[in-house]
Amino acid sequence: MSATDIHAEATKITDAKQRYKAGVLKYRQMGYWQPDYVPRDTDVLCLFRITPQEGVDPVEAAAAVAGESSTATWTVVWTDRLTACDSYRAKAYKVEPVPGTPGQYFAWVAYDLILFEEGSIANMTASLIGNVFSFKPLKAARLEDIRIPVAYVKTFKGPPTGLIVERERLDKFGRPLLGATTKPKLGLSGRNYGRVVYEGLKGGLDFMKDDENINSQPFMHWRDRFLYVMDAVNKASAATGEVKGSYLNVTAATMEDMYERAEFAKELGSVIVMIDLVIGYTAIQSMSNWARKNDMILHLHRAGHGTYTRQKNHGVSFRVIAKWMRLAGVDHIHAGTAVGKLEGDPLTVQGYYNVCRESYNAVDLPRGLFFEQDWADLKKVMPVASGGIHAGQMHQLIDLFGDDVVLQFGGGTIGHPAGIQAGAVANRVALEAMVKARNEGRDIRQEGPEILKRAAQFCTPLKQALDTWGEITFNYAPTDTSDFATTPSVA
Amino acid sequence: MITNPTGRITQGQFSFLPDLTDDEITAQIEYGLRKGYAWSVEYTDDPHPRNTYWDMFGMPMFDLRDAAGVMQELRECRKTFPGHYIRMVAFDSARGIESITMSFIVNRPPSEPGFGLERQEAAGRTIRYTVKSYATDRPENERYR
């Protein structure tokens, strides 16, 4: 079906007596389809990708999405007439076929601000990704992007620290931060775990990190981990003269447990604590409040997101999750590597980074940004690139992501043939050499491998790293790509 | 003697690389000037990781857009404090940043004794840590002789 086949004319029944007669109407007759609607600056705007069932008119499907994510039920109810129902109805106002993808349509929907509770991601998401995603007339639906009006943005406190203040606290400027996830992720005792943390930090990393599923298992109780890790952090800080940190994962079964763990991390002098996305939006906002009250950087691992962000036809785009998390208030978020082992088309991933770091996002279709977004000076989130990356990709990473990112080389540090400190040295030297060369005006995309080779001449650990991993790439076609540009894959 | 792999304090952008030559420092200053940053020169003989306020060698050079002029300030500072840590600091006053955007060490004392870690045993297995410089027991300006 082409754009001209979309029957987009206004079909709202305007006669009130007809409109509220008991029975079933089409959603587009009930007022959820308003092609003439001009979105207001204070509306929440959503772009859904919808796949209607065979024979379902795309405009009716879009109207149904608007209806089911706001006030509608399957039949006419007279009680609508007790309310100013026109303002509570979401309005689908545009439908277009997805370029090059038969059967899928983009549907734009506007929501009046009155529909949402101030400062609540849970409330916003209960409407926008609630019942509507199980609605039978749609085979599939995906929330592609969202515009949150400034009026709503200002009801959220945002990141407790933000990337600018984080740098000031850490005294680290003008280069990406370096981290590593302690490996193996499961099975180390507290004592052995702290050893890995000490070696990595003393070798030159800024951060070490608990993995998402390290909580408090039989092999390592959480208090034991925190005590050993903080000994490692402080020893490394004294050995280098730098502020160091290790993300202590406080994820637990209940809020009470998480608060207890976070309090202990604070008592031990940690600069940062960590939570997983699976704890849920409300728990994240609570931990954000706690972090703000306790001068703590809050790291978010996006564990679980792949279940609903990866497939293009159904779920929620990660750019929407990133926007919600900036509002909810985290300081770090895993946002992809483009070149590593995990899913991510380079331009699409850059789109996520821009959502985290810019004061204002312009429309940028190749990067998947469908709306302008004014962040109203809300603090910025530090994106984290983690998963199957190594020193040999340093030029690509810095070229793609710039300075405001945490680059995490877990295997690429701990798996170094000469040991963990050597792995950390290799990464830090590669990083500093690349930043220096870029600032000197070198074209690091082209000359990157040469710059690394030169640096390896004075740094044996870097040479060993390049010899071990230089050729490793994860070159698979990404599943989540822009519909508006052919995206180059990264070699 | 510091035992980390570099044998020295690793603060700043380039501590893991061989010391930058004056030409290389100039190139970094020029990069910052192209970005619209203001440079300043700071020095200290107390490089504790949490010592935020190194002393300013003059004001930040907001109106100096010439790398040679900035280098002249650095030379003056080196002449006055040859045995101190000196760092170049770039500041970006753009809305939403309003912070330091570059920082790297360009002068160090002849030997760097580094820091010790003091442990005070507290309740349970908790330990209170203090990072303490081996040099700061002596008065200012007498620390790295």
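Residues numbered from 1 in each chain as written. Chains lettered and ligands numbered in written order. Predicted model: local features only at pLDDT ≥ 70, side-chain atom pairs only at ≥ 80, totals over all residues. Heavy atoms only, no water.

Just to check I follow, could you spell out the overall build of chain B for this structure?
Secondary structure assignment for chain B yields 2 helices and 6 strands. The linear arrangement of helices and strands in chain B, starting from the amino end, is α-β-β-α-β-β-β-β. In chain B, which comprises 145 residues, the proportion classed as buried is 51%. Restricting to contacts in chain B with at least 6 residues of sequence separation, those with at least 24 account for 54%. Element-wise, carbon and sulfur atoms account for 49% of the exposed surface of chain B, whose accessible area totals about 7500 Å². Chain B carries 18 positive and 21 negative side-chain charges, and their two centres are separated by 6 Å. (Helix = DSSP H or I, 4+ residues; strand = E, 2+ residues; numbered from the N terminus. Buried < 20%, exposed > 50% of the residue type's maximum accessible area, 1.4 Å probe, protein only. Contact = heavy atoms within 4.5 Å. Areas by Shrake-Rupley, 256 points an atom, 1.4 Å probe, with all protein chains shown as cover. Lys, Arg positive; Asp, Glu negative; His and termini not counted. Charge placed at Lys NZ, Arg CZ, Asp CG, Glu CD.)

What am I meant to see in the overall build of chain A here?
A tally of helices and strands in chain A yields 19 helices and 15 strands. A globule of 491 residues ought to have a C-alpha radius of gyration of about 23 Å, and chain A, at 25 Å, matches this closely. Residues classed as buried in chain A amount to 61% of the 491 residues present. For chain A, the proportion of contacts with a sequence separation of at least 24, taken over those separated by at least 6, is 75%. Per element, the accessible surface of chain A, about 18200 Å² overall, is 51% carbon and sulfur. Across chain A, the centroid of the 55 positively charged side chains sits 2 Å from that of the 56 negatively charged ones. (Rg over C-alpha atoms; globule rule 2.2 N^0.38 Å.)

How should the sheet that holds strand β4 (residues 99-107) of chain B be read in this particular structure?
Across a sheet, strands are paired by hydrogen bonds formed along the backbone, either parallel or antiparallel in direction. Residue and element names in this part refer to chain B. Reading across the sheet, the 4 strands line up as β2-β1-β3-β4 and stay open at both edges, with antiparallel pairing between neighbours. Sheet topology places β2 (55-56) and β4 at the edges, where each strand pairs with a single neighbour. Pairing of strand β3 (residues 85-92) with β4 involves 7 bridges; the strand directions are antiparallel. Looking at β4, one finds that alanine 90 is bridged to methionine 102. (Pairing = 2+ DSSP bridges.)

Where do I start with the pattern of salt bridges in this structure?
Opposite charge on two side chains allows them to pair when their charged atoms are near. Residues and elements named next belong to chain A. Scanning all chains against the criterion turns up 44 salt bridges over all chains. Here aspartate 211 ties to lysine 185 by a salt bridge, and the two come within 3.6 Å at their closest N and O atoms. Within this pair, whereas aspartate 211 is found in the loop between β6 (207-209) and α9 (222-240), its partner lysine 185 is found in the loop between β5 (177-181) and α8 (190-203), the two being separated by 26 residues in sequence. Through salt bridges that share partners, Lys172, Arg175, Asp206, Glu242, Lys244, Arg428 and Glu432 make up one connected network. (Salt bridge = Lys/Arg side-chain N within 4 Å of Asp/Glu carboxyl O.)

What exactly am I supposed to notice about the packing of α9(A) against helix α10 (residues 255-267) of chain A here?
The angle between the axes and the distance between the axes are what describe a pair of packed helices. Residues and elements named next belong to chain A. Between α9 and α10, whose axes approach to 10 Å, the crossing angle comes to 20°. Between α9 and α10, the interaxial angle falls into the category roughly parallel. Relative to α10, the crossing made by α9 is right-handed. Contacts from Trp222, Arg223, Phe226 and Leu227 of α9 reach α10 at Glu260, Arg261, Phe264 and Ala265. In the contact of α9 with α10, the residues fall into 5 nonpolar, no polar and 3 charged. (Axes fitted to C-alpha atoms, helices over the stretch in contact; angles between N-to-C directions. Parallel < 35°, antiparallel > 145°, perpendicular 65-115°, else oblique. Left-handed = near helix turned anticlockwise from the far one by under 90°. Nonpolar A, V, L, I, M, F, W, Y, C, P; charged D, E, K, R; others polar.)

Looking at this structure, how should I read the nonpolar core?
A general trend in soluble globular proteins is that nonpolar side chains are found buried together. Ranked by size, the top nonpolar core spans 167 residues in total, and within it A:Ile50, A:Met124, A:Trp324, A:Met325, A:Leu462 and B:Met88 carry the most contacts. At 11 residues, helix α17 (residues 420-439) of chain A tops the list of elements feeding residues into this core. The residues touching A:Ile50, leaving out its near neighbours within four places in the chain, are A:Pro58, A:Ala61, A:Ala62, A:Val65, A:Gly103, A:Gln104, A:Tyr105, A:Ala107, A:Leu138, A:Ala140 and A:Ala141. With 13 residues, the next largest nonpolar core counts A:Leu177, A:Val243, A:Met274 and A:Val406 among its residues. (Core = buried A, V, L, I, M, F, W, Y, C linked by side-chain atoms within 4.5 Å.)

Whenever I open this one, the pairing of strand β1 (residues 44-52) of chain A confuses me. Can you help?
Residues and elements named next belong to chain A. Burial within β1 is extensive, with 9 of its 9 residues counted as buried. The alternating pattern of β1 places Val44, Cys46, Phe48, Ile50 and Pro52 on one face and Leu45, Leu47, Arg49 and Thr51 on the opposite face, and all of these are buried. Pairing analysis gives 7 bridges linking β1 to strand β3 (residues 105-111), with the strands arranged antiparallel. Residue pairing for β3: cysteine 46 is matched across the bridge by valine 109. Pairing between β1 and strand β4 (residues 138-147): 8 bridges, direction antiparallel.

It is not clear to me how the confidence of the model for chain A should be interpreted in this structure. Could you clarify?
As a general rule, the predicted coordinates of low-pLDDT regions are not to be interpreted in detail. In this model, chain A carries an average pLDDT of 93, and 96% of its residues clear a pLDDT of 70 or more. Within the model, pLDDT remains below 50 along residues 486-491 of chain A, and this stretch shows 13 contacts once partners closer than five positions in the same chain are excluded. (pLDDT = per-residue confidence, 0-100.)

I would appreciate a short explanation of the interface of chain A and chain B in the present structure.
Reports of interface size often rely on the accessible area that becomes lost once the parts have come together. Taken residue by residue, the interface counts 41 residues in chain A and 44 residues in chain B. Buried surface at the junction of chain A and chain B, both sides included, amounts to about 3500 Å², of which 51% is carbon and sulfur. Sorting the residues of chain A by area buried against chain B places A:Phe173, A:Lys436 and A:Asn439 first, and these three jointly supply 18% of that buried surface. Connecting chain A to chain B are 4 salt bridges. (Buried area = accessible area lost by both parts, 1.4 Å probe.)

What exactly am I supposed to notice about unusual backbone geometry here?
One can expect most non-glycine residues to show negative phi and most peptide bonds to be in trans. Residues and elements named next belong to chain A. Cis geometry is found at the peptide bond from lysine 183 to proline 184, where omega equals -5°. Along the chain, the position of proline 184 falls in the loop between β5 and α8. For aspartate 171, which is not a glycine, the phi torsion comes out positive at approximately 60°. Its place among the elements puts aspartate 171 in the loop between α7 (162-170) and β5. We classify aspartate 171 as partly exposed; its relative accessible area is 21%.

Which parts of the structure should I look at to understand the packing of aromatic side chains?
Within a pair of aromatic rings, the relevant descriptors are the distance that separates the centres and the angle that separates the planes. Tallied over the full model, the rule gives 22 aromatic pairs over all chains. Centroid distance A:Phe48 to A:Phe133: 6.3 Å. Interplanar angle 55°. Geometry classified as tilted. With a gap of 85 residues between them, A:Phe48 in strand β1 and A:Phe133 in the loop between α5 (121-128) and β4 connect regions that are remote in the sequence. The residues A:Phe48 and A:Phe133 share a single accessibility class, namely buried. Each ring, one from A:Phe226 and one from A:Phe264, has its centre 6.4 Å from the other, and the planes form 15°; the classification is stacked. In this pair, A:Phe226 sits in helix α9 while A:Phe264 sits in helix α10, placing the two residues 38 residues apart along the sequence. Each member of the pair, A:Phe226 as well as A:Phe264, carries the same accessibility label: buried. The rings of A:Tyr111, A:Phe116, A:Tyr152 and A:Phe156 are connected pair by pair, giving a single aromatic cluster. Between the NZ or CZ atom of A:Arg326 and the centre of the ring of A:Trp375, over which it lies, the distance is 4.4 Å. Looking at B:Arg87, its charged tip hangs above the ring of B:Trp54, at a distance of 4.0 Å from the centre. (Phe/Tyr/Trp six-rings, centres within 6.5 Å; stacked < 30°, edge-to-face > 60°. Lys NZ or Arg CZ within 6 Å of the ring centre and 35° of its normal.)

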